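Take a look at the letters that make up each chain.
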Amino acid sequence: MELRHLRYFVAVAEAGSLTVAAEQTLHTSQPSLSRQIQDLETELGVQLLTRRARGIELTPAGRAFLDHARLVLTQVDAASEAARRAAHPSKPCFTMGFLTGHELRWMPEAMRILRDELPNIDVMVSSQYSPQLAEGLSTGKIDVAFLRRERGVPELAYRVLVKEPLMVVLPGDHRLAALKAISPKDLVSETFVIVSNTAPVLRVVIDKYLKRSGVNIKPKHEADHLSMGMSLIASTGGVGLLPAYAQNFLPSSVTSRPLKGDAPTVELVLGYKNRTSPQSSSSCSRD
């Protein structure tokens with residue numbers, strides 16, 4: 001798979017037509033574009049597009065792939081800009097951090113706003129765990145970040161963006177997947193996968209919720225990041241509690257169900273250092 005395959009696929013999906021994408025966006029022949037899309041589908045092993053008389057229609061796999069393809073291309077553009085800035089670090093730099101996994105929803109619009117509002121500022125993107133983002137804000141290496149409300153950094157200010165409900169993540173063929181909603185007591189006898197201390201805020205929310213629910217669950221596995229959590233759940237037949245954004249990354253063998261009753265939430269906030277101006281004069285060559 002090459003970047004051109006992703007660009008061709010996104011162009012076709014946005015145009016809604018192979019012919020329109022070929023002639024007006026990509027300036028190539030329609031048969032050549034069709035072959036590129038077929039090569040991509042062969043590489044993935046799934047059908048992404050359905051050809052209709054009036055154009056194309058994305059399959060469920062195509063819709064899932066589209067968001068990730070757009071994110072990859074956005075990250076490639078950001079990497080290209082970072083390389084150019086390193087070679088010609090003449091402009092002031094604004095560094096924006098993202099809690100890993102949240103780029104998909106927040107980065108495209110954030111990048112658009114910054115480019116419109118700060119056209120003479122170079123933008124760098126950093127994807128890290130929340131504690132590292134808080135440290136970066138505190139030390140001035142990051143100007144603004146999408147993260148959790150971390151403790152022990154009183155010099156930071158936060159604005160709440162969204163409160164994400166926790167949900168149960170489990171294999172699609174798990175017995176509990178037959179339920180419309182799952183209670184904490186249903187989880188007691190299951191292999192429980194929990195986030196590690198790389199996500200301390202989320203870990204506290206989960207621990208408090210289980211304690212408040214009156215259940216005693218001893219985790220069998222700890223996951224350092226989202227993909228590791230999904231892999232553990234799929235391979236062990238276990239269950240876990242994760243924020244709603246995790247639905248964007250569920251593999252085909254894993255599904256999710258809401259919690260019964262008043263589900264706990266975890267905040268995603270916009271963090272920045274008090275009295276720090278976005279018009280930073282720092283260089284994008286900083287570490």
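Preceding this paragraph is the structure being described.
Residues numbered from 1 in each chain as written. Predicted model: local features only at pLDDT ≥ 70, side-chain atom pairs only at ≥ 80, totals over all residues. Heavy atoms only, no water.

**So, the side chain of arginine 203**
One can find arginine 203 in helix α7 (residues 200–212). Within the structure, the side chain of arginine 203 is placed 2.9 Å from the backbone oxygen of valine 195, a separation counted as a polar contact. (Helix = DSSP H or I, 4+ residues; strand = E, 2+ residues; numbered from the N terminus. Polar contact = N/O pair within 3.5 Å; in protein donor to acceptor, adjacent residues only side chain to side chain.)

**Re the packing of helix α1 (residues 3–15) against helix α3 (residues 30–44)**
Where α1 meets α3, the axes come as close as 9 Å, and the angle between the chain directions of the two elements is 110°. In terms of axis orientation, α1 runs roughly perpendicular to α3. The way α1 lies across α3 gives a crossing that is left-handed. Here α1 contributes Arg4, His5, Tyr8, Phe9 and Val12 to the contact with α3, which in turn contributes Leu33, Gln36, Ile37, Asp39 and Leu40. Classifying every residue of the contact of α1 with α3 by side-chain character gives six nonpolar, two polar and two charged. (Axes fitted to C-alpha atoms, helices over the stretch in contact; angles between N-to-C directions. Parallel < 35°, antiparallel > 145°, perpendicular 65-115°, else oblique. Left-handed = near helix turned anticlockwise from the far one by under 90°. Contact = heavy atoms within 4.5 Å. Nonpolar A, V, L, I, M, F, W, Y, C, P; charged D, E, K, R; others polar.)

**Overview of the side chain of serine 138**
Mapped onto the secondary structure, serine 138 falls in helix α6 (residues 130–139). Of the polar contacts made by the side chain of serine 138, one reaches the side chain of glutamate 155; its length is 2.3 Å. Excluding residues within four positions of it along the chain, serine 138 makes contact with Val153, Glu155, Leu156 and Lys273.

**Points about the nonpolar core**
Within the largest apolar cluster, 33 residues are counted, with the highest numbers of intra-cluster contacts made by Leu166, Val168, Leu187, Phe192, Ile206, Leu210 and Leu241. Of all the secondary-structure elements, those providing two or more residues to this core are β6 (156–171), β7 (192–195), α7, α8 (226–236) and β9 (239–243). Considering every element that reaches this core, the biggest residue donor is α7, with six residues. Look past the residues within four positions of leucine 241 in its chain and what remains in contact with it is Leu166, Met167, Val168, Leu187, Phe192, Val193, Ile206, Tyr209, Leu210 and Leu259. In terms of nonpolar packing, the next biggest core, distinct from the first, is built from 27 residues, Leu104, Phe146, Tyr158 and Val269 among them. (Core = buried A, V, L, I, M, F, W, Y, C linked by side-chain atoms within 4.5 Å. Buried < 20%, exposed > 50% of the residue type's maximum accessible area, 1.4 Å probe, protein only.)

**A few points about the pattern of salt bridges**
Evaluation of the coordinates by the stated rule reveals 10 salt bridges. A salt bridge links arginine 148 to glutamate 164; the shortest N-O distance between them is 3.2 Å. Taken as a pair, arginine 148 in the loop between β5 (144–147) and β6 and glutamate 164 in strand β6 lie far apart in primary sequence, 16 residues in all. The pair formed by arginine 148 and glutamate 164 is uniform in burial state, with each residue classed as buried. Connected through salt bridges with shared partners, the residues Glu109, Arg112 and Asp116 form a single ionic network. (Salt bridge = Lys/Arg side-chain N within 4 Å of Asp/Glu carboxyl O.)

**Side note on α1**
An α-helical segment advances 3.6 residues per turn. Residues three or four places apart therefore align on the same side. Spanning 13 residues, α1 covers 18 Å between terminal C-alpha atoms, matching the ideal 18 Å at 1.5 Å per step. Along α1, the residues that are buried comprise His5, Leu6, Phe9, Val10, Ala11, Val12 and Ala13. Positive phi appears at glycine 16, one or two residues downstream of α1, with a value of about 75°. (Expected span 1.5 Å × (residues − 1).)

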